[in-house]
Amino acid sequence: MTERYDIAVVGAGPAGLAAALAAATHGARVALIDAQAHAGGQVWRKDVAHGWPRRAQAAITQALHHPHVTWLAQTQVVHADPHSLLLESAVGAQRIDYAALVLANGARELLLPFPGWTLPGVTGAGALQALAKQGWPLQGRRVVIAGSGPLLLAAAATARRHGAHVLGIYEQADAANVQRFARSLWRWPQKAMQAALLRGQLAGIPYRCGSVVRTAHGDSALRAVTVESARGSERLDCDQLAVGYGLVPNTELAQSLGCRLRQQGVHASVEVDAMQRSSVAHIYAAGEQCGIGGRDSAWLEGSIAGHAAAGAPAAASLLRQQRHARAFAQALETHFALQPRVRTLAQPDTLICRCEDISLQALDGYSDARSAKLATRCGMGACQGRICGAALAELGRFPRSGTRPPLFPARLASLGDNLSDNHRESSV
Amino acid sequence: MSAARLTIDINGHALEVAEGISVAAAIAILGLPFRRSVGGQWRAPLCGMGVCFECRVRIDGLAQQRACMTIVRAGMQVCTDD
Ligand SMILES: Cc1cc2nc3c(=O)[nH]c(=O)nc-3n(C[C@H](O)[C@H](O)[C@H](O)COP(=O)(O)OP(=O)(O)OC[C@H]3O[C@@H](n4cnc5c(N)ncnc54)[C@H](O)[C@@H]3O)c2cc1C
Ligand code: FES
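How each quantity is defined
Chains are numbered independently. Their residues run from 1 in the order of the written sequence. By the order in which they are written, chains take letters starting at A while ligands take numbers starting at 1. Local features in this predicted model are restricted to residues of pLDDT 70 or higher, and side-chain atom pairs are both shown and tallied only at a pLDDT of 80 or more, whereas totals for entire chains, interfaces and linings draw on every residue. Remark: hydrogens and water are excluded; side-chain values derive from all non-hydrogen atoms of the structure. Pairs were defined over the aromatic rings of Phe, Tyr and Trp, the Trp ring being its six-membered one, requiring ring centres within 6.5 Å. Orientation was assigned from the angle between planes: stacked under 30 degrees, edge-to-face over 60, tilted for the rest. We count a stretch as a helix when DSSP gives it H or I for four or more residues in a row; a strand needs E for two or more, and each element gets its number in order from the N terminus. Accessibility here uses a 1.4 Å probe with only protein chains present; expressed as a share of the type maximum, an area under 20% marks a residue as buried, one over 50% as exposed, and anything in between as partly exposed. Criterion for a charge above a ring: Lys NZ or Arg CZ within 6 Å of the ring centre, and within 35 degrees of the ring normal. By the convention used here, strands pair only if DSSP detects at least 2 bridges between them. An axis is simply a line fitted to the C-alpha atoms; with a helix, the fit covers only the stretch in contact. Between two such axes, the angle follows the N-to-C directions and lies from 0 to 180 degrees.

Named according to an unreviewed UniProt entry, chain B is (2Fe-2S)-binding protein originating from Dyella acidiphila.

Identification of chain A as FAD-dependent oxidoreductase from Dyella acidiphila is taken from an unreviewed UniProt entry.

1. Observations concerning the packing of aromatic side chains
Applying the stated rule across the entire model yields five aromatic pairs over all chains. A ring pair is formed by Trp136 of chain A and Phe34 of chain B, whose centres lie 6.2 Å apart and whose planes are at 20 degrees; its orientation type is stacked. Of this pair, Trp136 of chain A sits in the loop between helix H3 (125-133) and strand S9 (142-147) while Phe34 of chain B sits in the loop between helix H1 (23-30) and strand S3 (35-36), placing the two residues on different chains. The same class applies to Trp136 of chain A as to Phe34 of chain B, namely buried. Centre to centre, the rings of Phe181 of chain A and Phe336 of chain A are 4.9 Å apart; their planes meet at 70 degrees, and the pair counts as edge-to-face. Here Phe181 of chain A, found in helix H5 (residues 175-184), pairs with Phe336 of chain A, found in the loop between helix H9 (316-335) and strand S20 (351-353); they are 155 residues apart in sequence, far enough to count as distant. A relative accessible area of 8% means that Phe181 of chain A is categorised as buried. Residue class for Phe336 of chain A comes out buried when judged on its relative accessible area of 10%. A connected cluster of aromatic rings, assembled from ring pairs, spans Phe181, Trp188, Phe328 and Phe336 of chain A. A cation sits over an aromatic face here: Arg55 of chain A above Trp299 of chain A, 5.5 Å from the ring centre. Positioned above the aromatic ring of Trp117 of chain A is the side chain of Arg354 of chain A, whose terminal nitrogen or guanidinium carbon lies 4.6 Å from the ring centre.

2. Notes on the sheet that holds strand S12 (residues 212-217) of chain A
All names here are of chain A. Sheet architecture is open: three strands sit in the order S12-S13-S14, paired in antiparallel fashion. Single-partner strands in this sheet number two, and they are S12 and strand S14 (232-237). If you compare each strand with its neighbour and ignore which way they point, the axes differ by 20 degrees on average. Pairing of S12 with strand S13 (residues 224-229) involves five bridges; the strand directions are antiparallel. In the sheet register, His217 faces S13, and the bridge partner there is Ala224.

Here is the structure:
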């Protein structure tokens with residue numbers, strides 16, 4: 001049977017949790033959907049060994065136990081129509097109907113190709129943090145953290161807490177920019193506090209600005225990295241490299257629903273107004289997919305979207321706080337802008353599309369994603385271009401092509417019964 | 001926090017792990033590679049959050065499951081390099 005909800009919220013990170021709570025306070029029947037087993041999203045991911053941070057725990061308990069909220073964990077949205085979603089979980093496929101939809105499906109890391117990046121042992125920076133929180137063994141392992149942005153510090157702190165020996169943090173932005181960023185933090189006291197806390201947790205770990213990992217070495221797994229900085233080139237033996245160059249909004253779901261996107265540099269985010277309304281009626285968006293702003297703006301935008309979706313205007317104070325939190329996004333973008341050399345790391349034989357093993361040189365001569373895909377299969381694999389598409393856009397090759405259904409590789413059973421025929425009920 | 005333990009099976013070996021960890025973590029504890037790429041290279045998790053599909057393994061007979069998105073269950077059968 002198709003369940004009906006007043007409001008469906010996709011994503012249970014800070015934005016989605018806040019949206020569900022705000023909407024539920026107005027009496028709306030809310031479905032809160034997340035592909036992960038636990039609520040919390042990226043920043044509030046449950047740590048198997050250490051639990052949730054206190055604030056996260058409170059927000060999660062409140063949202064999931066609210067009598068008007070139905071929590072659908074380990075449930076992925078694989079297709080969306082106006083007023084209905086196709087969901088897939090371990091027990092099968094299910095369709096739900098909604099009157100209003102809040103998209104709060106966050107962002108992923110920008111992972112850029114360089115020689116050796118396909119070796120086991122090389123992950124994203126936030127990725128290592130996510131893996132560690134779910135039990136990935138780091139005790140006594142030598143870890144190099146690299147890439148860009150404050151996420152590197154959070155990743156290093158998590159790795160250390162899980163027993164890793166963090167050899168160093170290598171930030172591509174130069175020291176002047178990082179210092180300017182640090183000096184601007186007083187405007188966001190919460191962030192300044194977080195930063196101070198992290199500094200304490202990271203005592204003794206070298207933090208080098210203006211440096212990049214050029215190469216990861218190893219045969220079947222990572223053994224060492226070559227780091228390039230103002231001090232020259234340096235080879236470090238290590239067991240794990242965590243490298244991420246910032247975040248890119250997950251816009252696929254919004255795009256498939258026809259929501260207008262806003263181009264920010266080479267990546268896009270979902271366009272919203274002050275009430276978090278997208279360009280499509282009854283569809284709201286909040287959090288990282290509206291532009292990378294961090295936890296606080298995600299939470300505030302989620303609240304605004306939840307109130308608006310339930311037909312109640314958000315308080316002016318909420319809107320004011322959100323504008324202030326968003327200014328932080330701008331500071332991040334300015335001070336951690338990628339240096340040109342990051343875009344020159346990939347060599348002609350470096351694999352760009354990891355699903356289909358396609359090198360950079362195999363893509364020479366193509367100026368759009370569609371023709372490259374048809375000729376080389378680049379972007380045809382399971383990730384559907386989420387990794388290589390963002391990378392190619394960043395390298396200045398071509399932007400990612402539009403999404404095609406389903407949003408994630410879905411089981412044929414889910415699609416056969418649901419995608420082609422909206423009126424039949426799912427039988428899996 | 002000390003979690004309860006449970007046993008799963010990876011490539012025919014019984015492994016006792018803490019409750020609540022991901023299948024990806026369990027495979028890494030054994031130090032096993034996850035899958036082979038179309039060109040025959042070994043691959044392991046990249047994104048840790050369900051988007052890259054580099055961590056795909058067979059879980060309880062179902063192929064192409066993301067190990068980073070799946071939490072261990074007692075008696076679970078995992079098969080890497082599938
Ligand atoms: C790997 C990683 C680690 C991070 N670590 C930190 C950190 O330590 N500190 C920090 O301040 N910031 C961190 N960030 C930044 C983070 O994006 C924000 O701080 C915050 O989590 C954003 O909240 P959000 O609610 O917008 O999105 P998220 O927290 O990203 O939540 C989005 C949720 O949507 C779900 N989702 C997405 N698509 C679907 C779908 N189709 N179907 C069902 N569910 C779906 C996801 O599973 C996810 O739980 C991290 C980001 C990443 C990518
Ligand atoms: S590590 Fe990327 S999907 Fe599992």
